[in-house]
Amino acid sequence: EVQLVESGGGLVQPGGSLRLSCAASGFTFSSYAMSWVRQAPGKGLEWVSAINSGGGSTYYADSVKGRFTISRDNAKNTLYLQLNSLKTEDTAMYYCAKDLAPYGLPPWEYNYWGQGTQVTVSS
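Worth saying up front: this structure is predicted, and the values here are computed from it rather than measured.

1. With respect to the pairing of strand β8 (residues 78–83)
Counting buried positions over the six residues of β8 gives five, a clear majority of the element. Relative to β8, strand β3 (residues 18–25) runs antiparallel, the two sharing six bridges. Following the sheet pairing, Arg 19 is matched in β8 by Gln 82. Pairing of strand β7 (residues 68–73) with β8 involves six bridges; the strand directions are antiparallel. Across the sheet, the residue bridging to Ser 71 is Tyr 80, located in β8. Counting the residues between successive antiparallel strands, the hairpin from β7 to β8 contains four residues, one of them, Asn 77, with a positive phi of roughly 55 degrees.

2. Comments concerning the side chain of Ser 21
Within the element layout of this structure, Ser 21 appears in strand β3. Aside from chain neighbours lying at most four places away, what touches Ser 21 is Val 5, Glu 6, Ser 7, Trp 36, Thr 78, Leu 79 and Tyr 80.

3. Details of the sheet that holds β7
Spatial strand order, β1-β3-β8-β7: four strands in an open sheet with antiparallel pairing. Lying at the two open borders of the sheet, with one neighbouring strand each, are β1 (3–7) and β7. On average, each strand axis in the sheet is inclined to that of its neighbour by 15 degrees, with strand direction left out of account. In the sheet, β1 pairs with β3 via five bridges, with the strands oriented antiparallel. Considered in β3, the bridge of Glu 6 is made with Cys 22.

4. Some points on the pattern of salt bridges
Per the counting criterion, the structure on display carries four salt bridges. A salt bridge links Glu 46 to Arg 38; the shortest N-O distance between them is 2.7 Å. By relative accessible area, Arg 38 is classed as buried at 5%. Across the salt bridge formed by Lys 65 and Asp 62, the nearest N and O atoms sit 3.2 Å from each other. One network of salt bridges, in which partners are shared, links Arg 38, Glu 46, Arg 67 and Asp 90.

5. Some points on unusual backbone geometry
Cis rather than trans, the peptide bond between Pro 106 and Pro 107 has omega equal to 0 degrees. In this structure, Ser 85 is a non-glycine residue whose phi angle is positive, near 50 degrees. Along the chain, Ser 85 turns up in the loop between β8 and β9 (92–99). Positive phi, normally seen in glycine, also occurs at Tyr 103, with a value near 55 degrees. Following the sequence through the fold, Tyr 103 ends up in the loop between β9 and β10 (110–113).

Conventions used here
- Residues numbered from 1 in each chain as written.
- Predicted model: local features only at pLDDT ≥ 70, side-chain atom pairs only at ≥ 80, totals over all residues.
- Heavy atoms only, no water.
- Buried < 20%, exposed > 50% of the residue type's maximum accessible area, 1.4 Å probe, protein only.
- Helix = DSSP H or I, 4+ residues; strand = E, 2+ residues; numbered from the N terminus.
- Pairing = 2+ DSSP bridges.
- Contact = heavy atoms within 4.5 Å.
- Axes fitted to C-alpha atoms, helices over the stretch in contact; angles between N-to-C directions.
- Salt bridge = Lys/Arg side-chain N within 4 Å of Asp/Glu carboxyl O.

This is a description of form; function is not addressed.
Right under this line is the structure:
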């Protein structure tokens, strides 16, 4: 059974930092690209970042480029998202998502999602 479990969210002041984690199980983690997707209150899903299966290629939405860093540890089956210079508009539920096909390339398609971790940026 595929499981994706996010953690690391919380309440942080503008300009602060957080590190999100996504623990994966039930599939060969190192064979799949992974993404972070967020949903702000009252809004639709917004793709944030993706990383290829080996970790050598990363992709970012313009809204987070230069502030967020995606990474993965295939030995630990864990995906990360480092959030720096946080803004109030980064407030959202953050989900990790597994790509549909092994060794996939953009555009991404997802067949599994985690339950999400809430990030709230407020003074």
